[in-house]
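Working through the structure, step by step
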Amino acid sequence: VHDAALRDLRSVLGDRYVISDPDVRAPHEVDWTGRWRGVAAAVVRPGSAEEVLEVVQVARRHGVQLVPQGGNTGLVGGATPRDGQVVVDLRRLRELGPVDEQAAQVTAGAGATLTSLQAHARAHGLELAVDLGARDTATIGGMVATNAGGTHVVRYGPMRAQLLGIEVVLGTGALVQANLAGLLKDNTGYDLVGLLCGSEGTLGIITRTRLRLVPAPRTRLALLLGFSSVTDAVAALPHLRARSSLAAVEMMRRDGIELVADHLGVAFPLQPVPVCTLLVELIGDDGEADAGVLVAATGVSDASTAVATDEVGAAGLWRWREGHPEAAAARGLVHKADVTLPFDELSTFNTRIDDAIERVAPGALTIVYGHLADGNLHVNVVGPAADDEQPVDAVLDLVLQLGGSVSAEHGIGVAKRRWVVRQRGETAVAAMQAVKSALDPDGILNPGVLLPDAR
Ligand code: FAD
Ligand code: 2HG
Ligand code: ZN
């Protein structure tokens, strides 16, 4: 990056918000897993949409490439600078508008964390429907940019289903506002809001969002259901879906639970640890009544059931599921594959995946867990070197054979870029490339992410 570009950035943002000190840059130059690293020419911290606009204009003028970054909890390397780009840290844009109780909506700055938004909404008896383990650090802008899913998709859908309006600075250097008023019906042309959601920083830098909120449940009941196979757990899905109080169905396998038990130094509530355990959440006032009906319907014996009826108890059960990414990270560098399978292939995938990985990474530690009701499994592999592509390739290859998707909720980033054409087909990817060149004509936004290089 040219000195003149840095000088212009300093005059727009002030010296304090253009950071070249290597120690301050360092946490922005590596991802949460440690698998993706690079060097940034600088980290800039704009404090308003207008400043973001000026940053993009400076970048266009000087041909500087930008990497938008929120909480840096993404798991596909999309927020990591690769080759001397400027990281645009958006966390100063954390302003939260008043909660609109009439509409059950709120306007949130892109840099607000999920936890801060939830505290704000819950003070009004409402909450954002999307919840995920990285809540204290992940930002709303990052969640929109990745179309994050999380644990309540079965009930409320992913981030795209909550997003009504957006403010964004496109790669063209235009500041665009689309339905920030949160109108529920607005069929005026192309859906820019939906397009920006899941664009992973490649089309525009999101500065503000208008979000739908849902009632914060008065009771939240968590239960563990132990099964002797993944097949049996999948067979319980129709019974679970029949409960109108259903809010989450999370899957854990014995090997993952044993890893978490080791990491936390606590014994799992179900002993012996079942081959497959579902963590089910029911919400609403009839939660307790529902639990009894549900346990009876799924046919699991009482001995393989644990129920938590209060917040503390529920949090205790949830930490088993949410502890998986951290327990894996404690064992070393983790290769992540986040995939969707058709429901009738979940069980086949599960029986074939360990051998598929063992073949390319003998002795590696493999754990599988995920959001079962979404057909979304997370495969974590510890052992292979950071630049070894084979473990994730083996998972994605099997996923495509079984008719699934190579990216369920984490996005493509740099990790899965080579797989986009195989998943979507040449013509669909060409259409995406046309959108990219229209909205980011100089290719300054997150080059190397999501799309293969244009031919
Ligand atoms: P970052 O990591 O900073 O960025 C992610 C991507 O969005 C990058 O491509 C970046 O360039 C782009 N971006 C960020 N901000 C903006 C912006 N304002 N404008 C344009 N582009 C932007 N994900 C799930 O879907 N479900 C889960 O259950 C889940 N659980 C997780 C648990 C743990 C412990 C961890 C570490 C991660 C988890 N994630 C999960 C992944 C991650 O939290 C999400 O992808 C989240 O949406 C990323 O938000 P972020 O602010 O950290 O974004
Ligand atoms: C989860 O569901 C997250 O816990 C993270 O999506 C998954 O780390 C992973 O592989
Ligand atoms: Zn997940």
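Just above sits the structure.
Described below are features of the structure shown in this document.

**So, the coordination of the zinc ion (ligand 3)**
- The protein atoms that coordinate the zinc ion (ligand 3) are His 371 (NE2), His 378 (NE2) and Glu 409 (OE), at distances of 1.9 to 2.1 Å.
- Written as a sequence motif, the donor arrangement for the zinc ion (ligand 3) is H-x6-H-x30-E. Like His 371, the residue His 378 is buried in the burial classification.

**Considering the sheet that holds strand 17 (residues 376-382)**
- Spatial ordering of the open sheet is given by 14-11-13-12-16-17-15, a layout of seven strands whose pairing is antiparallel. With partners counted over all chains shown, the strands left at the sheet margins are strand 14 (305-308) and strand 15 (334-340), one partner each. Taken pair by pair, the neighbouring strands of this sheet meet at an average axis angle of 15°, ignoring direction.
- Note that strand 16 (residues 365-371) and strand 17 share seven bridges and pair antiparallel. Each bridged residue has a counterpart across the sheet, and for Ile 367 the counterpart in strand 17 is Asn 380.
- Sheet strands touched by helix 11 (residues 254-264): strand 12 (246-253), strand 13 (276-283) and strand 16. Its angle to strand 12, the strand with the most contacts, is close to 85°.

**A word on the site of ligand 1**
- As a structural note, the neighbourhood of ligand 1 is formed by 35 residues, with Pro 68, Gly 70, Thr 73, Gly 74 and Thr 139 the closest of them.
- Interatomic distance of 2.7 Å between a backbone N/O atom of Gly 74 and an oxygen atom of ligand 1.
- Taking Thr 146, its side chain carries an N or O atom lying 2.9 Å from an oxygen atom of ligand 1.
- Protein chains shield 95% of the accessible area of ligand 1, which is 980 Å² for the free molecule.
- Elements with a contribution of two residues or more to the shell around ligand 1: strand 3 (66-69), helix 5 (140-145) and strand 9 (204-212).
- Per-element accounting of the shell around ligand 1 gives the leading share, four residues, to helix 5.
- The residue makeup of the shell around ligand 1, split by class, is 14 nonpolar, 19 polar and two charged.

Conventions adopted
- Residues numbered from 1 in each chain as written.
- Chains lettered and ligands numbered in written order.
- Predicted model: local features only at pLDDT ≥ 70, side-chain atom pairs only at ≥ 80, totals over all residues.
- Heavy atoms only, no water.
- Donors = N, O, S within 2.8 Å, 3.2 Å for Na, K, Ca; no water.
- Buried < 20%, exposed > 50% of the residue type's maximum accessible area, 1.4 Å probe, protein only.
- Pairing = 2+ DSSP bridges.
- Helix = DSSP H or I, 4+ residues; strand = E, 2+ residues; numbered from the N terminus.
- Axes fitted to C-alpha atoms, helices over the stretch in contact; angles between N-to-C directions.
- Contact = heavy atoms within 4.5 Å.
- Near = heavy atom within 4 Å.
- Polar contact = N/O pair within 3.5 Å; in protein donor to acceptor, adjacent residues only side chain to side chain.
- Areas by Shrake-Rupley, 256 points an atom, 1.4 Å probe, with all protein chains shown as cover.
- Nonpolar A, V, L, I, M, F, W, Y, C, P; charged D, E, K, R; others polar.

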